[in-house]
Amino acid sequence: MTPAVIQLAAEAAERRSAEVTDWGPRIAWVAGLLVFIAFVYWLMRQGWKWRGALQSDLPELPAAPGGLPAHRLALTGRYHGSTTAGQWLDRIVAHGLGVRSRVELTLTDAGLDVVRPGATDFFVPAAQLRGARLDKGIAGKVLTEGGLLVVTWAHGDKLIDSGFRSDRAAEHAAWVEAINLMNPSITTEGAER
């Protein structure tokens, strides 16, 4: 072999060998990133607690009375959260209203029974129901137009919108009609003029 060929072979061998990894700085960067992620999650948790503290004036949620009358409508689906009425991004987190969950809704003449496995159940008396509508979004959840059943109800001195999505979205229209018929101010609004 000629010296030029040997030199080319040596240069090729040098190009193929990998650099030795310096583990110290790499581990420091990974540890720093993990600490940053943990800090961000801690801040999010503190924000959730702060929002709950601001809403601490909200009364406890009523429980369903015993011996409810026969149900008008029932559905299973998802509870997506509650917001201040008319402000679809102002999530209410007090008393577990901000927790998403499965839901079993039952509408009776006495009111709306909301059963949430793994979360706090609550009952909305018929006198507190203010209306229902189809909408496309509520804090943290946006669907197609009319994909969300939003029930407006009074709790204490606050009006609340709660968003539900049935496993069978075709049921939503019947729910809107039934809840709105329970509220005389909605059904007689046109007759007052």
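**Focus on the packing of aromatic side chains**
Right, so step 1: Counted according to the given criterion, the structure contains 4 aromatic pairs.
Right, so step 2: For the ring pair Tyr79 and Phe122, a centre distance of 6.4 Å and an interplane angle of 75° mean the geometry is edge-to-face. Residue Tyr79 is located in strand β1 (residues 71-84), and its partner Phe122 is located in strand β5 (residues 122-125); the two are separated by 43 residues in the primary sequence.
Right, so step 3: Look at Tyr79 and you get buried, because its relative accessible area is 0%.
Right, so step 4: The class of Phe122 is buried, set by a relative accessible area of 1%.

**Side note on the pairing of strand β4 (residues 111-115)**
Right, so step 1: Where burial is concerned, most of β4 is hidden: 4 out of the 5 residues are buried.
Right, so step 2: Two strands pair when backbone bridges link them, and strand β3 (residues 101-108) and β4 are joined in this way by 5 bridges, in the antiparallel orientation. If you follow Thr106 over to β4, its bridge partner there is Asp113.
Right, so step 3: Hairpin connection from β3 to β4: 2 residues lie between these consecutive antiparallel strands.
Right, so step 4: Where β4 hands over to β5, the hairpin turn is made up of 6 residues, of which Gly118 adopts a positive phi near 85°.

**Let's talk about a nonpolar patch on the surface**
Right, so step 1: On the surface, a nonpolar cluster with roughly 1100 Å² of combined accessible area is contributed by Val30, Leu33, Leu34, Phe36, Ile37, Phe39, Val40, Tyr41, Trp42, Leu43 and Met44.
Right, so step 2: With respect to the element layout, Phe39 can be found in helix α2 (residues 23-54).
Right, so step 3: Exposure remark for Phe39: the relative accessible area of 44% places this residue in the partly exposed category.

**Digging into unusual backbone geometry**
Glycine aside, residues mostly have negative phi, and peptide bonds are mostly found in the trans state.
Right, so step 1: Even without being a glycine, His95 presents a positive backbone phi close to 60°.
Right, so step 2: In this structure, His95 sits in the loop between β2 (91-92) and β3.

**Digging into the pattern of salt bridges**
Right, so step 1: Per the counting criterion, the structure on display carries 5 salt bridges.
Right, so step 2: The residue Arg133 makes a salt bridge to Asp135 at a minimum N-O spacing of 3.2 Å.
Right, so step 3: One salt bridge connects Glu171 with Arg168, and the closest N-O pair in it is separated by 3.2 Å.
Right, so step 4: Assessed through its relative accessible area of 48%, Arg168 is described here as partly exposed.

Rules used in this analysis
- Residues numbered from 1 in each chain as written.
- Predicted model: local features only at pLDDT ≥ 70, side-chain atom pairs only at ≥ 80, totals over all residues.
- Heavy atoms only, no water.
- Phe/Tyr/Trp six-rings, centres within 6.5 Å; stacked < 30°, edge-to-face > 60°.
- Helix = DSSP H or I, 4+ residues; strand = E, 2+ residues; numbered from the N terminus.
- Buried < 20%, exposed > 50% of the residue type's maximum accessible area, 1.4 Å probe, protein only.
- Pairing = 2+ DSSP bridges.
- Patch = residues over 30% accessible without salt bridge, like charges linked within 9 Å, V, L, I, M, F, W, Y side chains within 5 Å.
- Areas by Shrake-Rupley, 256 points an atom, 1.4 Å probe, with all protein chains shown as cover.
- Salt bridge = Lys/Arg side-chain N within 4 Å of Asp/Glu carboxyl O.

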